[in-house]
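These are the residues of each chain, in order.
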Amino acid sequence: MTKQKLIASLSGLLAMAMIVTLLFSGACVKEEGKPTIVLADGAWTSAEAVDNIIKLIIEEDLGYVVDMPLLTIEAAWAGLDRGDVDIYMENWMPNQMAYYTEYVEQKGTVEDLGTNYPTTNKWYVPSYVCEEYGICSVDDLHGNGDLFAIDGAGTEKGDMIEGDPSWRCVELNEMRVAGYELDDEFEVSPVGSEWAMIAQIKKSIQQHEPILFYMWGPHWMFGVWNVTAVEEPEYSAELWKEEEGYIACGWNPDSQARIIVNSELEDKAPDVYAFLQNWYISMEEVSSLIVEIEEIEGVSSERDPVDVAREWIEENRAAVDQMLGK
């Protein structure tokens, strides 16, 4: 083979390889002149499920490169305030109301674009605790703190199991423990992360032991374990005085995860801003996505969240195009 033919052959193979790579890698080709978008990823599974969908749509439909750092709630809000973060899909309300008040309502550096998906927030016990011990309500917890003390989770008080100590809901649950006058018998015990929290709940259920824990929805847990929400007084503004450090009722039934962005996003990426204004996904869909992503014993095997996100987009292409204004 002549040198010219060899070069031509190699060039052809290289060109074909590049085409195959572009067709099958799913990689985003950034459009010239478009800035990089920073999407803060939350440290829980519902965030992982939705954030990957948003990332793919912004990259592959709108032509941006998206950085998606895993940030604590506090770091995400601080980044939005400085302009280091453009988008945060996981503003759980009312849990993050203190940040919302400071950055959205007072400083105006962050903007609320609407609902990501509806949520629920409650205290739970395994259903056998309600059935066998008769502990089904906040009132029933009085005098039973010793039943819920978990070795290594806290002190000798009963433990109300939580996840990441940086979560705002930890502080809210501390207010609720005090508001229900349970603080002499119970304490909020963050175990470090959602995964550590799930491991503790699983261990207690497998050993058929009492456990009291906070949980949110959407979450795969509700489709796997038989748990019962602890009965609480219904939400009212008179009993939910967060700014005064006093809460003695359940969460607002209208709680939801809201989409918040840096206030300059509309100028920086108007098409991304418009898409996010139109975005919506149901709590049931998010729960189904979580089951696909998580490895749940006897239910599902762990899958790449990017693959799951891409499948959801393909299955909901018409709805996605409508959100994009196509």
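Given the structure is predicted, the values throughout are model-derived calculations rather than measurements. (Residues numbered from 1 in each chain as written. Predicted model: local features only at pLDDT ≥ 70, side-chain atom pairs only at ≥ 80, totals over all residues. Heavy atoms only, no water.)

1. Some remarks on the nonpolar core
To be explicit about the condition: Here, nonpolar core means buried Ala, Val, Leu, Ile, Met, Phe, Trp, Tyr and Cys residues that are tied together by side-chain atoms lying within 4.5 Å of each other. The classification of residues rests on relative accessible area computed with a 1.4 Å probe and restricted to protein chains. Under 20% of the type maximum is buried, over 50% is exposed, and intermediate values are partly exposed. What counts as a helix is a DSSP run of H or I of at least four residues, what counts as a strand is a run of E of at least two, and both are numbered from the N terminus.
Ranked by size, the top nonpolar core spans 98 residues in total, and within it Trp77, Ile87, Trp123, Phe275, Leu276 and Trp279 carry the most contacts. Counting residues per element, this core draws most heavily on helix α2 (residues 45-61), at eight residues.

2. Brief notes about the pairing of strand β1 (residues 37-40)
The following threshold applies: When the strands point away from the viewer and the connection leading from the first strand across the helix to the second strand turns clockwise, the crossover is called right-handed. A pair of strands is treated as paired once DSSP finds two or more bridges between them.
Covered by surrounding structure in β1 are Ile37 and Leu39 together with Val38 and Ala40, the residues of both alternating faces. Note that the unit made of β1, α2 and strand β2 (residues 66-67) has a crossover that is right-handed. Summarising the sheet, β1 and strand β3 (residues 87-93) pair through two bridges and their orientation is parallel. When the bridges of β3 are listed, alanine 40 appears paired with tyrosine 88.

3. Concerning the state of the cysteines
Here is the idea: a disulfide is a covalent bond, and it sits between the sulfur atoms of two cysteines. To keep it simple, the criterion reads: Put simply, a disulfide is two cysteine sulfurs that come within 2.5 Å.
A full pass over the atoms with the stated rule returns one disulfide. In this model, cysteine 130 is linked to cysteine 136 through a disulfide, with the two sulfur atoms separated by 2.0 Å. Given an S-S torsion of about 95 degrees, the disulfide between cysteine 130 and cysteine 136 has right-handed geometry.

4. Details of the sheet that holds β3
To keep it simple, the criterion reads: Here, two residues are considered to be in contact whenever any of their heavy atoms come within 4.5 Å of each other. Comment: axis = line fitted to C-alpha atoms, over the contacting stretch for helices; angle = value between 0 and 180 degrees taken between N-to-C directions.
With mixed pairing, five strands are arranged side by side in an open sheet as β2-β1-β3-β12-β4. Each end of this open sheet is capped by a strand with a single partner; those strands are β2 and β4 (110-118). Strands in contact with α2 are β1, β2, β3 and β4; relative to β3, the strand with the most contacts, it is inclined by about 150 degrees.

5. What about the confidence of the model for the chain?
Worth spelling out the cut-off: Confidence scores per residue from the predictor, reported as pLDDT, run from 0 to 100.
Chain-level pLDDT for the chain is 88 on average; 88% of the residues reach the 70-or-more range. Contacts of residues 1-27 to residues separated by more than four positions or lying in other chains number five contacts, the stretch itself having pLDDT below 50.

6. Observations concerning the environment of aspartate 184
Of note, aspartate 184 is situated in the loop between α7 (168-179) and β7 (186-190). As for aspartate 184 and histidine 142, which are separated by 42 residues in sequence, their C-alpha atoms are 9.6 Å apart.

7. Structural notes on the packing of helix α3 (residues 73-82) against helix α4 (residues 97-107)
Quick note on the threshold: What sets the label is the angle itself: under 35 degrees gives roughly parallel, over 145 gives roughly antiparallel, 65 to 115 gives roughly perpendicular, and the rest give oblique. Gly counts as polar in this scheme, as do all residues outside two lists: the nonpolar Ala, Val, Leu, Ile, Met, Phe, Trp, Tyr, Cys and Pro, and the charged Asp, Glu, Lys and Arg.
One can describe the packing of α3 onto α4 by two numbers: an axis separation of 10 Å at closest approach and a directional angle of 10 degrees. In terms of their interaxial angle, α3 and α4 are classed as roughly parallel. Two secondary-structure elements touch here, α3 through Ile73, Glu74, Trp77 and Asp81 and α4 through Tyr99, Tyr100, Tyr103, Val104 and Lys107. Looking at side-chain class alone, the contact of α3 with α4 contains six nonpolar, no polar and three charged residues.

8. Comments concerning unusual backbone geometry
Cis geometry marks the peptide bond from methionine 93 to proline 94, where omega comes out at 10 degrees. Following the sequence through the fold, proline 94 ends up in the loop between β3 and α4. Following glycine 217, the chain continues into proline 218 via a peptide bond in cis, with omega recorded as 15 degrees. By secondary structure assignment, the location of proline 218 is in the loop between β8 (212-217) and β9 (227-229). Phi at glutamate 181 takes a positive value of approximately 60 degrees, unusual for a residue other than glycine. Mapped onto the secondary structure, glutamate 181 falls in the loop between α7 and β7. Accessibility expressed as a relative area gives 63% for glutamate 181, which makes it exposed. The residue histidine 208 is not glycine, and still its phi comes out positive at about 55 degrees. For histidine 208, the location among the structural elements is in the loop between α8 (194-206) and β8. On the basis of relative accessible area, histidine 208 is assigned to the partly exposed category, the value being 40%.

9. A few points about helix α10 (residues 270-278)
Put simply, the rule is: Here the arc refers to the directions that run from the helix axis out to each C-beta atom.
Of all the positions in α10, only Val272, Tyr273, Phe275 and Leu276 are classed as buried. Seen end-on, α10 carries its buried residues on one side only, within an arc spanning 165 degrees. Close packing links the buried residues of α10 with α2, β3, β4, β12 (256-262), α9 (265-268) and α13 (317-323).

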